[in-house]
Amino acid sequence: MDPIPFARAQFAITTVYHFFFVPLTLGLSVMVALMETIYVRTGRLIYKEMAKFWGKLLVINFAMGVVTGIVQEFQFGMNWSEYSRFVGDIFGAPLAIEALLAFFLESTFLGIWIFGWDRLSKGLHALAMWMVAIGSNVSALWILVANSFMQQPVGYTIRNGRAEMTDFFALVLNPNVQVQFPHTVLAGFTTAAFFVMGVSAYHLLRKQHVEFFRRSFQMGAIIGAFAIVLVGLSGHSQAQEMVRSQPMKMAAAEALWYTENPASFSILTIGDLAQRRDVFSIRIPRLLSLLAYNQLSGEVKGIHDLQAEYVQKYGEGNYIPPVAVTYWTFRIMVGSGILLGLLGLYAVFVVMGDVYDTRRFVWRLFPYAIALPYIANTSGWLMTELGRVPWVVYGVMKIDEAISPTVSGGMVLFTFLAFTLLYAALMGATIYLLRKYALAGPPIAQDGEQGAESSLAVVPQPAQD
Amino acid sequence: MDLNTLWFILIAVLYIGFFVLEGFDFGVGMLLPFLSRHADAEKQDRLRRTIINTIGPHWDANEVWLLTAGGATFAAFPHWYATLFSGFYLALFLLLAALIVRGVAFEFRSKDENPKWRKLWDGCIFVGSAIPALLLGVAFANLVRGVPIDSKMHYVGTFFDLLNPYSIVAGLATLLTFALYGAIFLALKTKGEVMERAKEAARRLWMPTFGVTLLLLIMTYFYTDILARLGVNPGFIPIGGAVAFLLSYYFIRRGHMGWAFILVAIAIAFALLSEFMILFPRVMVSSLNPEWSLTIYNASSSPYTLRVMTIVAVIFVPIVLAYQGWSYWVFRKRISGAPEELTY
């Protein structure tokens, strides 16, 4: 039994699960740190309660991020040992640095934060959450340094039959890192902001804890509106980088079969994948050139021309990624992003106009919109990774050369199924708890319009359950 | 000293740190069902929460020592990383699955009142602590005993090649040692009933741990090439470890758990240190041909990568040690089990 399909499926499923939890942590840790900092600076108890409430959801989510991340540290060795041997000189370094700089920081300080409410000064306790926030975002940087090498290998040479690092700073300053890191982190901020807004809108619609969730929504709206705009802009630079460094991925993402100049942008393409041609297509002239180069003309290479070029360069083979998946995941990501942008605009309108008691249809969408960033995050990564096919390291090593030669298909199939089922069960438990605590609201009395603080002061803290 | 040697030492330090830190929290997890027996449901839950809360702030950061050791192995000795983890495939899978359910269990078990929910996660904590405690011994015994590795650095054995009398005894030794170590830790970190129960457990566990460890020592002479060759003569270190372990008995009997804890920690650290010294300069021994063993030279990264990683490690390892040490200082007080003290 060929292990490659199972190994690929395993990497996909473990990574998708992992990245289901990571983005919320990236943004929510910063938001909780902000809430607690406001509490420390102003002494307003409602912000302490906010930090506790959102912090609890963060902690539940964080646990799954951690445990699904454990597998990531080891599965390159398990399923992709030839890959590990070939690029370990380069790829291992950011992974080790990530563990040393980020994992220790976030895990140590999250422990301190969870258990340290009564043991640390207020300022120090807030600082602990900042350390968690820094740790998780630094972690994103180093794992993206590693991933960027796969997308766009730099700072290396082939020596002794393997890739060896020649320039550490080139690796860290990889042009791909410079666009991918902001895009990913901002997507995390967007995820957290819409999570906070969605949960807040749910309670505001039911007129529960109005003051508490009004302030939460406010913070979510401000961060979310900025983040979603910046996600778009950084995504735009990322696409431009992709045209330069991975033109085949861009061509597949656009279902652009033949080179065009000026190039048109596909709104909707129904393609014949066997013949690799369009059946039906709506395209906007010149728009792809505009997106790629910020000007109305410019050549964007097509799939067939790139295939011919790659055969010349790398020898016989199929260099075309799965076009339909790349094309549709790209559209799902961008489409979700546009919807989020519109919702972000509406959120700003709600905050500016102070109309949290609206019953409008759009307002009622916010709880459901929590799903949108998750859809965008997942499809974005699927596009990034599947668009790289057949390469594991773009232009350097192919996927089928990377597999562990000594691990049988049956073994990989077994661990694939086991991880999938295990993660599914744990994901169920996580969503159950997130839902339970999000819907329960903060453990404080219903606040009146003026008395949020005073009502907090007289309600004894319920014991933890 | 060349950088290859330095990185061998650093990875040894990371694994020693992992054993010394996570060792007791594996022990605490394994003791969870035993130290909460003979109590009605409500009291049992309180005992369990007290037990779990002793390691609540620490278990995750302790586990990062393993992740960092894995990452450092990848960066400094990619062939070691590739051969070890593709070779010990199913064992590693079991280890990872155990760590996954264990981590989630700590975080989730007290977040719902349902007794079935709590029982399920308590089971995960026990299994998720016992399996790694056993497998770590099995894995480290196999590193030094030797496993079938061919001339291309490929592991050509099966899962069952990893299970041999020597490695199983080693697995039992780590299992029991961690349980003992966890009992001592609990006795140090709690008051009242949990403390009494933990002390009793430590007293009962010492003798079997001693017996199995002694057996492991004797078997080491027969199952490894320790008599034919020594990487670096470990000198007094194994003896020091043995003495520390023997002395711990005295302090456990007298109820001086602080000293007992330090001595068992030293025994664990010295045992692992001895193993690494015997192994050096090899990192995985081939049982097929000594020439095919992986060493710090044939398995390593380029000098450039080792240099970069050395600079990173020199700067950040002390910082990590400082704040992790500080976190133990913050939570130095004993836990009585009063509801307001319990977070998990």
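Because the structure is a prediction, the values reported are computed rather than measured.

Engineer: Help me out: how do you make sense of the environment of B:Glu107 in this one?
Structural biologist: For B:Glu107, the position within the fold is in helix α5 (residues 89–108). A relative accessible area of 5% means that B:Glu107 is categorised as buried. Through-space distance from the C-alpha of B:Glu107 to that of B:Gly56 is 8.6 Å; in sequence the pair is 51 residues apart. With sequence-adjacent residues up to four places away left out, B:Glu107 is seen in contact with A:Val59, A:Ala63, A:Ile114, B:Trp59 and B:Tyr344.

Engineer: Is there a simple way to explain the side chain of A:Gln72 in this structure?
Structural biologist: Counting through the fold element by element, A:Gln72 comes out in helix α2 (residues 45–79). Setting aside residues up to four positions removed in sequence, A:Gln72 forms contacts with A:Thr14, A:Thr15 and A:His18.

Engineer: What exactly am I supposed to notice about the side chain of B:Thr5 here?
Structural biologist: With respect to the element layout, B:Thr5 can be found in helix α1 (residues 3–31). A polar contact of 2.4 Å, which involves the side chain of B:Thr5, links it to the side chain of B:Asp2.

Engineer: Teacher, can you tell me more about the domain arrangement of chain A here?
Structural biologist: By convention, interface size is frequently given as the accessible area that disappears when the constituent parts associate. Residues and elements named next belong to chain A. Structurally, chain A comprises domain 1 (3–243 + 325–440) and domain 2 (247–321). A straight line from the C-alpha centre of domain 1 to that of domain 2 covers 30 Å. Facing the 22 residues of domain 1 at the interface are 24 residues of domain 2. Carbon and sulfur atoms supply 59% of the area buried between domain 1 and domain 2, which totals about 1,900 Å² over both sides. Considering only the side of domain 1, the residues that lose the most area to domain 2 are Met-242, Val-243 and Tyr-327, jointly responsible for 31% of the buried surface there. In this assembly, domain 1 and domain 2 are joined by one salt bridge. Here Glu-254 and Arg-331 are joined by a salt bridge, their closest N and O atoms 3.0 Å apart. Our count for the domain 1 to domain 2 interface comes out at 13 residue pairs in polar contact (both at pLDDT 80 or more). Breaking the side of domain 1 that touches domain 2 down by element, the ones donating at least two residues are α7 (210–245), α11 (323–353) and α13 (371–386). A per-class count over the side of domain 1 that touches domain 2 returns 12 nonpolar, seven polar and three charged.

Engineer: What exactly am I supposed to notice about the packing of aromatic side chains here?
Structural biologist: All names here are of chain B. All told, the structure shown has 74 aromatic pairs over all chains when counted by the stated rule. A centroid spacing of 5.2 Å and a plane angle of 80° characterise the contact between Phe-19 and Phe-140, whose relative ring orientation is edge-to-face. Residue Phe-19 is found in helix α1, and its partner Phe-140 is found in helix α6 (residues 115–145); the two are separated by 121 residues along the sequence. Across the pair, exposure class does not vary: Phe-19 and Phe-140 are buried alike. Where Phe-34 meets Phe-126, the ring centres are 6.0 Å apart and the plane angle is 70°; that geometry is what we call edge-to-face. Separated by 92 residues along the polypeptide, Phe-34 in the loop between α1 and α2 (41–55) and Phe-126 in helix α6 bring together distant segments of the chain. The class of Phe-34 is partly exposed, set by a relative accessible area of 43%.

Parameters and conventions
Position numbers for residues start from 1 in each chain and track the written sequence from start to end. Starting at A for chains and at 1 for ligands, labels are handed out in the order in which the entities are written. Where totals are concerned, whole chains, interfaces and linings use all residues; where local detail is concerned, this predicted model gives features only for residues with pLDDT of at least 70, and gives and counts side-chain atom pairs only at 80 or more. Values reported for side chains reflect all heavy atoms of the structure, with hydrogen atoms and water molecules removed beforehand. The way it works is that DSSP assigns letters per residue, a run of H or I at least four long becomes a helix, a run of E at least two long becomes a strand, and they are numbered from the N terminus. Buried means the residue's accessible area, taken with a 1.4 Å probe over protein chains only, is under 20% of the maximum for its type, while exposed means over 50%, and partly exposed covers the values in between. What makes two residues a contact is simply this: any of their non-hydrogen atoms within 4.5 Å. Polar contact is the term for a pair of N or O atoms within 3.5 Å; when the atoms are in protein, one must be able to donate a hydrogen and the other to accept it, and sequence-neighboring residues count only if both atoms are side-chain atoms. For each domain, the first and last residues come from an automatic or database assignment. As used here, buried area is the combined drop in accessible area, with a 1.4 Å probe, of two parts when they are placed together. Salt bridges are identified by distance alone: a Lys or Arg side-chain nitrogen within 4 Å of an Asp or Glu carboxyl oxygen. Classification used: nonpolar for Ala, Val, Leu, Ile, Met, Phe, Trp, Tyr, Cys and Pro, charged for Asp, Glu, Lys and Arg, polar for all others including Gly. Aromatic pairs are defined between Phe, Tyr and Trp rings, using the six-membered ring for Trp, whenever the two ring centres lie within 6.5 Å; interplanar angles under 30 degrees are classed as stacked, those over 60 as edge-to-face, and all others as tilted.

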